[in-house]
Amino acid sequence: MVALYEIEIGQEAEVQSFLNSDIKCYSVRFGIEEGQVVKCIAKLGAIVLQKNNQEIAIGKNLCKEIYVRLI
Amino acid sequence: MQIKNSINDNLQSSKTLRIVLAGNPNVGKSAVFSKITGTYAEISNYSGTTLENFEVKTDIGRFVDTPGIFSLGDYNEEEIIAKQIITQADIVINVVNALSLDKDLFLTQQLIDLGLPILLVLNQMDEAEKREVNINIEKLSKELEVPVFPTVAIKSQGIQEVKDNLHNARKGRKGSYIAEMLEGKELSYKNLLENEFSTENREKLYVERRKRVNEVTNKTLITKEKSNISSTVGKALLNPVIGFSVLGVVLYILYQIVGVFIAGEVVDFLENQIIGGKYIPWITGVVNQAPMPTWLNTILVGEFGLLTMTIQYVFGLLLPLIVGFYFFMAILEDSGYLPRLAVLTDRFLSKLGLNGKAIIPIILGFGCVTMAVITTRLLGSSRERTIASTILCLTIPCSAQIGLILGILAAMGSLKLWMLYLASIVITLIFIGTVLNKILAGKATPLIIDLPPMRIPVIKNVIDKTLCKTNHFLIEATPLFFIGALIITILELTNSLKSIYNFLSPLTVSLLNLPKETANIFIMGLIRRDFSAAGLSDMIGMGGKAAILSPEQTLVILVVITLFVPCIATVIVLFKERGYKEASLIWIGSITIAFALGGILATILKILPV
Ligand SMILES: Nc1nc2c(ncn2[C@@H]2O[C@H](COP(=O)(O)OP(=O)(O)OP(=O)(O)O)[C@@H](O)[C@H]2O)c(=O)[nH]1
Ligand SMILES: [Mg+2]
């Protein structure tokens, strides 16, 4: 399990857990929940994830508080 | 059904219904609102366009447009504002984006769980079709137990059906977890609503709700990732090299259109040929013939005359710049480029204690700092709002002022001056952001935004927005210009202007190395920023008068009036939004910094002339 921040462009990852409940609730609303698979389409400090037809940008600090399994 | 009856009763009785539009940011709530009610509402392709509840009365009822939210919580100011009105609604028109159904339905399920009568509007169906997103509408309606209407708001498709079916709003099917949570606990919905936000229940509720929403979307949504031109362009803009090159090109086009074409040719034609060459001689003649005391004559057609200089500045100089600038901004706002710029600038802005989202108020500040100070509400914390408001008030020149600055720099034709001007402003911006980031407790809130598809701007929307903002400018600014001109004329008539020149000469002459009369520019600047730039354009000879300033002096003034106090309207909004303590600090701080920096620059330029 690594921080989402470790993901590289083009790579996919499955969300595993969150640093705390607040961050979990915050992300769950966007559909970023445990078990969700996301794909990284850009990384420039912030990371841009693609999920279905949505693109979601997540700032660097938040990326360090979401844990994933790289696929 | 009970609610149906009560809504029908309401429709028949004279009690006005309150119909609230609610939904995630940028799904098209304002577009739907404006098509249903026929009133103008601001529509742009980024999250956080609408930041206040906006109510319109029609013969069907009172419609309220609300800010976009991801949940009815208290994560940020928008949620708090929207929550107040949504929980009071008779009918909620919940707008969702067909492209992001799984995200958007989270709020829908929350509204359903709260027992609000709902009408689901599935907007942006055109985009969904383009990307081959298939939604089984019937099934969706069955699953949620609320009526669902597909729409393409910008083309008015499906709007009439929504209007015709308001009375069919339904309380949908609550998640099974609600019954569990309510069981044995004697909780009412009101309690539940309050409980939502107490931390122990929230996580469980959110996770269960998300599960339920995923279940619904799995049953109703067939989609695959499909790229088209829009998504390819969108992705390319996230590449730093391409993204920043495009920014460079955008700024260059802005410079060519507003700085060279409008500030140069259009203004020259309007200000010098039409107003200066035809209107002013004519009106001066008319007024001179009418019998009146000299002082009145001076007020009307003197050097700072209400009918001469003021008209010339407002209509000959500022109006064309404003129109050009707002038109350009409206295109940018509609394109979907701004949220991508937020991603590109996130790293830099985090050094100033902000996150990438702050680029949106900063860019909008180039249009109007006053509006931008309100837009800082889309930032996550009060700390970020303080930093962003300070940066806006201090370093960001607004539309007409920028237009003039571009025009003045273009007229002087020196690349070196350009660079020096930019460097002074950017260094101040970085300096003030870094300092505030150090001294204010706390840190930047994390960035999480969704990136809308890139779009070709809708021409009608661009024109409507430009007209609306221009109109707003004329209504708000014109009286201030008249008051400003009047004050200066009175000062002149009572011979106080000379005393003020002398009084300020330690600042103007000794510190900034400028002629005394430049005090005028600062007095005008206290009233409106762009007013001072207009005064300056005269002094460098743009209005057909003789130039009295050297390039070095012009540069110093440009820097000082950019940093100098925000205009009256901004100050009023600043006091309202940030409180008197913080607002006065920003106000006094900006004057001090402006003159201090101007002094430093003047000294450097004395030693090393351009
Ligand atoms: N293609 C397409 N674009 C749409 C449609 N409806 C709205 N838009 C565009 O979507 C963007 C967002 O529209 P708004 O009405 O400002 O969205 P909003 O939900 O009010 O956004 P906030 O106030 O920021 O929460 C704008 O660029 C609109 O032009 C639609 O049906 N089809
Ligand atoms: Mg809106």
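Residues numbered from 1 in each chain as written. Chains lettered and ligands numbered in written order. Predicted model: local features only at pLDDT ≥ 70, side-chain atom pairs only at ≥ 80, totals over all residues. Heavy atoms only, no water.

J.: Break down the overall build of chain B for me, citing the residues and quoting the values.
T.: A count of helical and extended segments in chain B gives 27 helices and ten strands. At 28 Å, chain B has a C-alpha radius of gyration in line with the 25 Å of a compact globule built from 610 residues. Dimensions of chain B, computed from the C-alpha atoms along their principal axes, are close to 80 × 55 × 45 Å. Evaluated residue by residue, chain B yields a buried proportion of 58% over its 610 residues. Look at the contacts in chain B between residues 6 or more apart in sequence, and 76% of them connect residues 24 or more apart. With an accessible surface of roughly 25,100 Å², chain B has 63% of that area assigned to carbon and sulfur atoms. Averaged over its 55 positive side-chain charges, chain B has a centre that lies 2 Å from the centre of its 51 negative ones. (Helix = DSSP H or I, 4+ residues; strand = E, 2+ residues; numbered from the N terminus. Rg over C-alpha atoms; globule rule 2.2 N^0.38 Å. Buried < 20%, exposed > 50% of the residue type's maximum accessible area, 1.4 Å probe, protein only. Contact = heavy atoms within 4.5 Å. Areas by Shrake-Rupley, 256 points an atom, 1.4 Å probe, with all protein chains shown as cover. Lys, Arg positive; Asp, Glu negative; His and termini not counted. Charge placed at Lys NZ, Arg CZ, Asp CG, Glu CD.)

J.: Give me the lowdown on the overall build of chain A, citing residues and values where you can.
T.: Looking only at helices and strands, one finds two helices and six strands in chain A. Radius of gyration (C-alpha) of chain A: 11 Å, near the 11 Å computed for a compact globule of 71 residues. The C-alpha extent of chain A, read off along each of the three principal axes, is 30 × 25 × 20 Å. For chain A, with 71 residues in total, the buried portion stands at 59%. The contacts in chain A between residues at least 6 apart in sequence include a share of 60% that link residues at least 24 apart. For chain A, the exposed surface amounts to about 2,600 Å²; the carbon and sulfur share of it is 45%.

J.: Give a detailed account of the coordination of the magnesium ion (ligand 2), specifying residues and quantitative values.
T.: Residues and elements named next belong to chain B. Coordination of the magnesium ion (ligand 2) by the protein comes from S30 (OG) and T50 (OG1), over a distance range of 1.9 to 2.0 Å. One end of the pair, S30, is in helix α2 (residues 29-37); the other, T50, is in the loop between α2 and β2 (54-57), with 20 residues separating them in the sequence. Accessibility classification places S30 together with T50 in one group, the buried group. (Donors = N, O, S within 2.8 Å, 3.2 Å for Na, K, Ca; no water.)

J.: Hey, could you go over the interface of chain B and chain A for me, with residue numbers and the actual values?
T.: Across the boundary between the two partners, chain B contributes 35 residues, which contact 29 residues of chain A. A buried area of about 3,200 Å², summed over both sides, lies between chain B and chain A, and 56% of it is on carbon and sulfur atoms. Counting every contact that joins chain B to chain A gives five salt bridges. R340(B) serves as the salt-bridge partner of E55(A), at 3.5 Å between the closest nitrogen and oxygen. Joining chain B to chain A, the criterion identifies 14 residue pairs in polar contact (both at pLDDT 80 or more). Every element with two or more residues in the side of chain B that touches chain A is listed here: α4 (101-113), α10 (199-220), α15 (337-350) and β10 (448-451) of chain B. In terms of strand pairing, strand β5 (residues 54-58) of chain A meets β10(B) through four bridges, oriented antiparallel. Note on β10(B): the bridge partner recorded for I58(A) is I448(B). (Buried area = accessible area lost by both parts, 1.4 Å probe. Salt bridge = Lys/Arg side-chain N within 4 Å of Asp/Glu carboxyl O. Polar contact = N/O pair within 3.5 Å; in protein donor to acceptor, adjacent residues only side chain to side chain. Pairing = 2+ DSSP bridges.)

J.: Tell me about the nonpolar core, and please be specific about residues and values.
T.: In terms of nonpolar packing, the biggest core is built from 121 residues, with V48(A), V343(B), I391(B), Y421(B) and L536(B) touching the most fellow members. At twelve residues, helix α14 (residues 309-335) of chain B tops the list of elements feeding residues into this core. Residues in contact with I391(B), not counting those within four places in the same chain, are L352(B), L354(B), I362(B), I396(B), L429(B), I432(B) and G433(B). V20(B), A22(B), L72(B) and L99(B) belong to the second largest nonpolar core, which has 35 residues in total. (Core = buried A, V, L, I, M, F, W, Y, C linked by side-chain atoms within 4.5 Å.)

J.: So what's going on with a nonpolar patch on the surface? Which residues, and what values?
T.: All names here are of chain B. Residues F327, I331, I459, I463 and L467 make up a contiguous nonpolar surface patch of about 450 Å² in total accessible area. Sorting the residues of the nonpolar patch by element identifies α14 and α21 (459-493) as the ones contributing at least two each. In terms of residue count, the dominant contributor to the nonpolar patch is α21 (three residues). Relative accessible area serves as the criterion here: at 55%, I459 is assigned to the exposed category. (Patch = residues over 30% accessible without salt bridge, like charges linked within 9 Å, V, L, I, M, F, W, Y side chains within 5 Å.)

J.: Report on the environment of A372(B), specifying residues and quantitative values.
T.: All names here are of chain B. Tracing the sequence through the fold places A372 in helix α17 (residues 369-375). Judged by relative accessible area, which is 0%, A372 ranks as buried. Placed 198 residues apart in sequence, A372 and T570 show a C-alpha to C-alpha distance of 9.2 Å. Discounting residues that sit within four places of it in the chain, A372 has contacts with P361, L364, G365 and L392.

J.: Describe the sheet that holds strand β4 (residues 46-51) of chain A, with residues and values.
T.: Pairing within the open sheet is antiparallel, and its seven strands lie in the order β1(A)-β6(A)-β2(A)-β3(A)-β4(A)-β5(A)-β10(B). What marks the edges here is a single partner per strand, and that holds for β1 (2-3) of chain A together with β10 of chain B. Here strand β2 (residues 12-18) of chain A runs beside strand β3 (residues 37-44) of chain A; their pairing, made up of three bridges, is antiparallel. Bridging from a neighbouring strand, E14(A) pairs with V37(A) of β3(A). On the sheet, helix α1 (residues 21-28) of chain A packs against β2 and β6 (66-70) of chain A together with β10 of chain B and is oriented at approximately 135° with respect to β2(A). (Axes fitted to C-alpha atoms, helices over the stretch in contact; angles between N-to-C directions.)

J.: Explain the packing of helix α19 (residues 399-412) of chain B against helix α24 (residues 529-539) of chain B to me, using residue names and the numbers behind them.
T.: Residue and element names in this part refer to chain B. Where α19 contacts α24, the axes come no closer than 8 Å and their chain directions differ by 25°. With respect to each other, α19 and α24 are oriented roughly parallel. Like other packed secondary-structure pairs, α19 and α24 cross with a definite hand, here left-handed. Taken together, the residues of α24 that come into contact with α19 (itself represented by A400, Q401, L404 and I408) are R529, D530, A533, A534, L536 and S537. (Parallel < 35°, antiparallel > 145°, perpendicular 65-115°, else oblique. Left-handed = near helix turned anticlockwise from the far one by under 90°.)

J.: So what's going on with the packing of aromatic side chains? Which residues, and what values?
T.: Applying the stated criterion across every chain, the model contains eleven aromatic pairs over all chains. Ring plane angle 45° and centroid distance 4.2 Å describe the contact between F30(A) and F70(B), whose orientation is recorded as tilted. Highlighted residues: F30(A) in the loop between α1 and β3 and F70(B) in the loop between β3 (61-65) and α3 (77-86), drawn from two different chains. Relative to W418(B), the ring of Y255(B) lies with its centre 5.4 Å away and its plane at 75°, an arrangement referred to as edge-to-face. Of this pair, Y255(B) sits in helix α12 (residues 240-289) while W418(B) is found in helix α20 (residues 415-439), placing the two residues 163 residues apart along the sequence. Both residues of the pair, Y255(B) and W418(B), count as buried. (Phe/Tyr/Trp six-rings, centres within 6.5 Å; stacked < 30°, edge-to-face > 60°.)

J.: Can you tell me about the pairing of β3(A), naming the residues and giving the values?
T.: Note that β3(A) and β4(A) share five bridges and pair antiparallel. From the neighbouring strand, L44(A) faces β4(A), where its bridge partner is A46(A).

J.: So what's going on with the site of ligand 1? Residues and values would help.
T.: Residue and element names in this part refer to chain B. As a matter of local geometry, ligand 1 sits amid 25 residues, with K29, S30, G48, T49 and T50 nearest to it. The contact in question runs from an oxygen atom of ligand 1 to an N or O atom on the backbone of G48, over 2.8 Å. T50 places a polar side-chain atom, nitrogen or oxygen, 2.8 Å from an oxygen atom of ligand 1. When the free accessible area of ligand 1 is taken as 650 Å², the share hidden by the protein chains comes to 99%. Counting only elements with at least two residues in the shell around ligand 1, the list comes to α2 and α5 (125-130). Considering every element that reaches the shell around ligand 1, the biggest residue donor is α2, with three residues. For the shell around ligand 1, a count of residues per class yields eight nonpolar, twelve polar and five charged. (Near = heavy atom within 4 Å. Nonpolar A, V, L, I, M, F, W, Y, C, P; charged D, E, K, R; others polar.)

Distances and angles like these do not, on their own, reveal function.
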